[in-house]
Amino acid sequence: MDKLSVLAEFENIAVRENLEDDAFKLFLLLLVNYDSEKQYGEISRSVIMTSLGKFFPLALLSRAFRRLAALGLIEIVLPPHGKVAKKDSIMIYRIPLATTGRG
């Protein structure tokens with residue numbers, strides 16, 4: 001599914017589930033960094049902080065990731081169990097909407 005179609009489906013889910021602003025912004029950032037050909041995305045914590053603001057607390061980031069994962073909008077591959085590394089590390093993720101052909 002192309003990114004515009006994913007975005008349209010995401011918007012429907014976000015409205016229906018009353019998605020928090022932080023999770024909404026995080027998903028948009030992840031979608032921009034998603035490689036449709038490889039069917040996964042890679043992003044560092046420093047890129048997230050630069051994009052969403054350096055004062056974006058780690059607890060808020062973790063909650064946004066968990067919320068997106070609970071809704072099936074992302075799957076975190078690394079680090080395991082949806083934990084956000086405290087140091088700058090690369091996070092690898094999938095966006096099921098982009099790979100399943102749903103919508």
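We now turn to the structure provided with this report. Source: prediction; values computed, not measured.

1. Examining the sheet that holds strand β2 (residues 40-44)
- With antiparallel pairing, the four strands of this open sheet are ordered in space as β1-β2-β4-β3. On the outer flanks of this sheet lie β1 (34-35) and β3 (75-78), each paired with one strand and no other.
- Note: β2 against strand β4 (residues 90-94), four bridges, orientation antiparallel. Bridging from a neighbouring strand, G41 pairs with Y93 of β4.

2. Comments concerning the nonpolar core
- Ranked by internal contacts, the top residues of the largest apolar core, which has 29 residues, are L26, F27, L30, F65, L68, I74 and I95.
- Residue contributions to this core peak at six residues, all from helix α2 (residues 21-32).
- Excluding residues that lie within four positions of it along the chain, I95 makes contacts with V6, F27, L30, L31, Y34, L73 and I74.

3. Section: the packing of helix α3 (residues 45-52) against helix α4 (residues 58-70)
- Running from N to C, α3 and α4 point in directions that differ by 100 degrees, and their axes come no closer than 12 Å. The orientation of α3 with respect to α4, classified from their angle, is roughly perpendicular. Side by side, α3 and α4 meet where R45, I48 and M49 of the first sit next to L58, L61 and F65 of the second.

4. Regarding the pattern of salt bridges
- In this structure the tally under the stated criterion is two salt bridges.
- Linking R16 and E17 is a salt bridge whose minimum nitrogen-to-oxygen distance equals 3.6 Å.
- Exposure remark for R16: the relative accessible area of 58% places this residue in the exposed category.
- Residue E17 is classed as partly exposed on the basis of its relative accessible area, which comes to 31%.
- The partner of R67 in a salt bridge is E20, and the shortest N-O contact between them spans 3.0 Å. Here E20 lies in the loop between α1 (3-16) and α2 and R67 lies in helix α4, a separation of 47 residues in the sequence.

Reading the values: the criteria
Residues numbered from 1 in each chain as written. Predicted model: local features only at pLDDT ≥ 70, side-chain atom pairs only at ≥ 80, totals over all residues. Heavy atoms only, no water. Pairing = 2+ DSSP bridges. Helix = DSSP H or I, 4+ residues; strand = E, 2+ residues; numbered from the N terminus. Core = buried A, V, L, I, M, F, W, Y, C linked by side-chain atoms within 4.5 Å. Buried < 20%, exposed > 50% of the residue type's maximum accessible area, 1.4 Å probe, protein only. Contact = heavy atoms within 4.5 Å. Axes fitted to C-alpha atoms, helices over the stretch in contact; angles between N-to-C directions. Parallel < 35°, antiparallel > 145°, perpendicular 65-115°, else oblique. Salt bridge = Lys/Arg side-chain N within 4 Å of Asp/Glu carboxyl O.

Read these as geometric descriptors, not functional statements.
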